[in-house]
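So you can see what is in the structure, the chains are spelled out below.
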Amino acid sequence: MDMRAEVEAAAERIRPYVRETPIEESRAIGRAGGARVYMKMENLQATGSFKLRGAMNKLLSLTPAERAGGVVTASSGNHGAAVACGLEALRIPGVIYVPENASPAKVANIRSYGAEVRTHATDSGMTEIFARRYARDNGRTYVSPYNDPVVVAGQGTIGVELARQLESVDALFVALGGGGLISGIAGYLREIGRRVDVVACSPENSAVMHHSVRAGRILEMESMPTLSDGTAGAVEPGAITLDLCRAYVDRYVLVSEEEIKEGMRLAIDHHHTLVEGAAGVAVAGYLKEKDRYAGGNAVIVLCGGNISRDRLKEIL
């Protein structure tokens, strides 16, 4: 795909439906590594997550016949809410499948847009496989959370905003799940000539894409429970994001659950804003690698803020 052209087209297409999120310097976190650290506040995006970008780009790209036929998606929460928001805005019928153990807060967020929610399996990868099959068998369009160039281009619009908001970015820290977010942003920045060290951050307890990149193929792995439910679970076999990550990501970092908690607490304490586990993963990744970027500019993508009250109490 022509990443630059696709992302810039996506930015134009989705502009009426998404927020341009602010960047905020984090002096406290920057001091820890002697760098200027900026938070890209996607936790303030409509629906509480970056996922609205990719979902809207996909839905707006559908033909009238595809819209009339309806869509199906699968999601651990944030992508589902994004698709639900888009379905409501564009008046498209659809069904959203979630794993049986999905975050109640995220499922409630999906339902708040009036979407039909169904459950299947306990691993997000199995939910995706089932939903894709259901869409095919019922003549509906499947909207993947990451395994679609149109969705990846939508997520890459964060890169368009970063290029406008900061003159230089030396390092970019992004939580890694299916790989759509990091490959979209990194691919765009690279193709406009920005020299940036791209660091993919994963929870030790569920790092399927992390290990798949090293193996050169999508692995089937069991995931342990993690605070980063937004990045957890299997990756769809044949996902286009494997090759995109291999092309655009420079380094891969694993972080522990305790490090994720500390990353979340730092973001909440110093920015007075809610973040979910996946955002804490990116903060923790920077803190683990901070000595490499002393004197530079680092961006941490706070990818979402959808967290239940009980989980928040536990972390704090």
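Residues numbered from 1 in each chain as written. Predicted model: local features only at pLDDT ≥ 70, side-chain atom pairs only at ≥ 80, totals over all residues. Heavy atoms only, no water.

Peer 1: How would you summarise the packing of helix 3 (residues 51-61) against helix 5 (residues 78-90) if you had to cite specific residues and measurements?
Peer 2: Direction vectors running N to C along helix 3 and helix 5 enclose 45 degrees, while the axes themselves pass 8 Å from each other. One element, helix 3, and the other, helix 5, form an angle in the oblique class. Relative to helix 5, the crossing made by helix 3 is right-handed. Contacts between helix 3 and helix 5 involve Lys51, Leu52, Ala55, Met56, Leu59 and Leu60 from the former and Asn78, His79, Ala82, Val83, Cys85, Gly86, Leu87 and Leu90 from the latter. Taken together, the residues that form the contact of helix 3 with helix 5 break down as ten nonpolar, three polar and one charged. (Axes fitted to C-alpha atoms, helices over the stretch in contact; angles between N-to-C directions. Helix = DSSP H or I, 4+ residues; strand = E, 2+ residues; numbered from the N terminus. Parallel < 35°, antiparallel > 145°, perpendicular 65-115°, else oblique. Left-handed = near helix turned anticlockwise from the far one by under 90°. Contact = heavy atoms within 4.5 Å. Nonpolar A, V, L, I, M, F, W, Y, C, P; charged D, E, K, R; others polar.)

Peer 1: Which residues make up the packing of aromatic side chains, and what values go with them?
Peer 2: Describing an aromatic ring pair means giving the distance of the ring centres and the angle of the ring planes. Enumeration over the complete set of coordinates arrives at four aromatic pairs. Both rings, one in Tyr97 and one in Phe130, keep their centres 5.3 Å apart while their planes meet at 75 degrees; by these two values the pair is edge-to-face. Here Tyr97 is found in strand 4 (residues 94-98), whereas its partner Phe130 is found in helix 7 (residues 124-137), with 33 residues between them in sequence. Under the relative-accessibility criterion, Tyr97 is labelled buried at 4%. In this structure Phe130 comes out as partly exposed when scored by relative accessible area, which is 26%. Every member of this aromatic cluster is reached through a ring pair, and the members are Tyr97, Phe130 and Tyr134. (Phe/Tyr/Trp six-rings, centres within 6.5 Å; stacked < 30°, edge-to-face > 60°. Buried < 20%, exposed > 50% of the residue type's maximum accessible area, 1.4 Å probe, protein only.)

Just geometry here; none of it tells us what the structure is for.
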